[in-house]
Each structure stands twice: as structure tokens, then as C-alpha cells.
Amino acid sequence: MNQTLSRLAFVGRAFANNCGRRNAFAQIWPKFSSSSTLSSHVNYENNNAHSVMVKDPGYQATVVNPNASAVNWPTAITAQQYHALISQDFSVKTADEVLKAFTAISSYAAGKDYLLADTMYDGLRDRLIGVLPQMTDQQLLSIFTLIPLWDTKDAKNPVYYRLWSEFDQQCIERHRRWTLNKLLLFMDHWYLMRLSRLSNFVWMGVRKLARKPSR
């Protein structure tokens, strides 16, 4: 069953778009199996389902296009600029300054398999956690967009867990005032961060959509 949990955001979307989109269940609902071969097949089908929805205009407001996100990233910084950034004292930085620095550093880290849990980023992560409550929903989405650029394969690493559990808490505290489309958009970001099966927020969102799919 755990193999299916990372795609529950898709199930929630299928509930929400049930009218005229019944075929979505056939694409989205993974088969239950402990077989590694079937697990790989399920992952392929789920990735394919997401790619299909990215191209569907009907899902534009609720599905993240990873390729389009790069348009908003800054021009790549140099190694010297990167080292200058990570050596800053982040404890005095504002939410806007932390977001700007995290965006630049994450863009530099893209494709290099840098560990977000590495000790060299302790100051940045600590300050990011500290300013999360001050960030707007859009700023939070911007942070989520950058997470897949890092090596975050070990979601249970205590250092990384501390960060993403704060993301989870922010979504839990905010989601009641979100529209349906905004709820689905945030859930899709959790899927792209490969954390949806661990997120309490995603579970809450799926249950909410299952109870009241039209709201």
C-alpha cells in the first residue's frame, strides 16, 4: 500500500474533477503490489499520468509543470558567488532575503546532487524554518519548486525531516482558507518533492476532497 501513497494527491484531484474525468482513475489509481517490478511499472504510470495532466489545459491551475518553473530561476551564479552566499550569517536575514538566497543557491545546486541536509547549509535551513510563518503562500510555493533541485532521497534524514515537517505544518495551518485549486496545486508540489506519502497535509487534503469534492 505504501507504494500508492505518493500518488494520493492524484486521487484527490480525480475526486475533485470527477465530472467528465472518470478516466483519470484508470490512469491515476496504482495497483497494490509488493513486487519491485510492478512497483517500477506503477511509478512509470504515475509519472506518465502527471505528464499527461501537465499538458492538459484543464489542469493548468492545479498541476505543476517542472519544465516551466526554470523560467523564474535566476541566471546561474558562479562558484565564487555560491561560496560567498552559503558563508553568510543568515540569522539576521528577512524572509525575502532568505528566499532570494535559497533560490540562487538551489539553482547552483541543480544537477550536482548536493545534499540539502549537508551541514554547510545549517544556517540557511535554520533561518528558512524560522521565517516560514512570515512567508506568503506564493513564497512557500517558490520554495517547494526549488526542493527537487537537491538530493533529498532520504526523507527520513533527521535534518531534512525537520525542514519538510515545517513545510507540512505551514500547509496544515493555511489550507483551510485555500480554494480547491490552490489546495490541489500545493498537493501536487508535495508529489514533485516526493513527500506526498509522508505528508499529513496531503492526507488531510485527500480526506477533505473525498468528503466534499465540490468545495
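All values derive from a computational prediction rather than experimental measurement.

Asks: So what about the nonpolar core? Which residues, and what values?
Replies: Of all hydrophobic cores here, the largest spans 52 residues; its most connected members are Phe-102, Ile-105, Leu-128, Phe-144, Phe-167, Trp-190 and Phe-201. Mapped by element, the contributors of at least two residues to this core are α6 (79–86), α7 (95–109), α8 (122–131), α9 (137–146), α10 (158–174), α11 (180–192) and α12 (200–211). With nine residues, α7 is the largest single contributor of residues to this core. If we skip the residues at most four places from it in the chain, Leu-128 touches Val-98, Phe-102, Met-135, Ile-143, Leu-163 and Phe-167.

Asks: For the environment of Gly-111, give the residues involved together with the corresponding values.
Replies: Residue position: Gly-111 is located in the loop between α7 and α8. A relative accessible area of 78% places Gly-111 in the exposed class. Separated by 39 residues in sequence, Gly-111 and Trp-150 place their C-alpha atoms 7.8 Å apart.

Asks: How would you summarise the packing of α9 against α11 if you had to cite specific residues and measurements?
Replies: Two elements in contact, α9 and α11, have axes whose closest approach is 9 Å; the angle formed by their N-to-C orientations is 25°. In terms of orientation, α9 and α11 fall into the roughly parallel class. Considering the relative orientation of α9 and α11, their crossing is left-handed. Between α9 and α11, the contacting residues are Asp-137, Leu-140, Leu-141, Phe-144 and Thr-145 on the first element and Lys-182, Leu-185, Phe-186, His-189 and Trp-190 on the second.

Asks: Describe the packing of α7 against α9, listing the residues and the values that go with them.
Replies: Following both chains from N to C, one finds α7 and α9 inclined at 20°, their axes separated by 10 Å at the closest point. For the element pair α7 / α9, the angle class is roughly parallel. Pair α7 / α9 crosses with left-handed handedness. Residues Asp-96, Leu-99, Phe-102, Thr-103 and Ser-106 of α7 touch α9, and the partners they reach there are Gln-139, Ser-142, Ile-143 and Leu-146. A per-class count over the contact of α7 with α9 returns four nonpolar, four polar and one charged.

Asks: Lay out the side chain of Thr-152 in plain terms, naming residues and giving numbers.
Replies: For Thr-152, the position within the fold is in the loop between α9 and α10. Those residues in contact with Thr-152 that lie beyond four places of it in its chain are Leu-116, Ile-147, Tyr-160 and Arg-194.

Asks: Go over unusual backbone geometry with me, naming the residues and quoting the values.
Replies: Phi is positive for Asp-113, which is not a glycine, with a value near 60°. Relative to the helices and strands, Asp-113 resides in the loop between α7 and α8. Judged by its relative accessible area of 57%, Asp-113 falls in the exposed class. Not every positive phi belongs to a glycine, and Arg-194 is a case in point at roughly 60°. Counting through the fold element by element, Arg-194 comes out in the loop between α11 and α12.

Asks: Give a detailed account of the packing of aromatic side chains, specifying residues and quantitative values.
Replies: In this structure the tally under the stated criterion is 12 aromatic pairs. With centroids separated by 4.9 Å and ring planes inclined at 80°, the aromatic side chains of Tyr-121 and Trp-150 adopt a geometry described as edge-to-face. Here Tyr-121 is found in the loop between α7 and α8, whereas its partner Trp-150 is found in the loop between α9 and α10, with 29 residues between them in sequence. The buried category is assigned to Tyr-121, whose relative accessible area is 2%. Judged by centre distance (6.3 Å) and plane angle (80°), the rings of Trp-164 and Trp-190 are edge-to-face. Residue Trp-164 is found in helix α10, and its partner Trp-190 is found in helix α11; the two are separated by 26 residues along the sequence. The exposure class assigned to Trp-190 is buried, which follows from its relative accessible area of 0%. Through a chain of ring-to-ring contacts, three or more aromatic side chains come together here, namely Phe-144, Tyr-161, Trp-164, Phe-167, Trp-178, Phe-186, Trp-190 and Phe-201. Sitting over the ring of Tyr-108, Lys-112 keeps its end group 4.2 Å from the ring centre.

What counts, and at which threshold
- Residues numbered from 1 in each chain as written.
- Predicted model: local features only at pLDDT ≥ 70, side-chain atom pairs only at ≥ 80, totals over all residues.
- Heavy atoms only, no water.
- Core = buried A, V, L, I, M, F, W, Y, C linked by side-chain atoms within 4.5 Å.
- Buried < 20%, exposed > 50% of the residue type's maximum accessible area, 1.4 Å probe, protein only.
- Helix = DSSP H or I, 4+ residues; strand = E, 2+ residues; numbered from the N terminus.
- Contact = heavy atoms within 4.5 Å.
- Axes fitted to C-alpha atoms, helices over the stretch in contact; angles between N-to-C directions.
- Parallel < 35°, antiparallel > 145°, perpendicular 65-115°, else oblique.
- Left-handed = near helix turned anticlockwise from the far one by under 90°.
- Nonpolar A, V, L, I, M, F, W, Y, C, P; charged D, E, K, R; others polar.
- Phe/Tyr/Trp six-rings, centres within 6.5 Å; stacked < 30°, edge-to-face > 60°.
- Lys NZ or Arg CZ within 6 Å of the ring centre and 35° of its normal.

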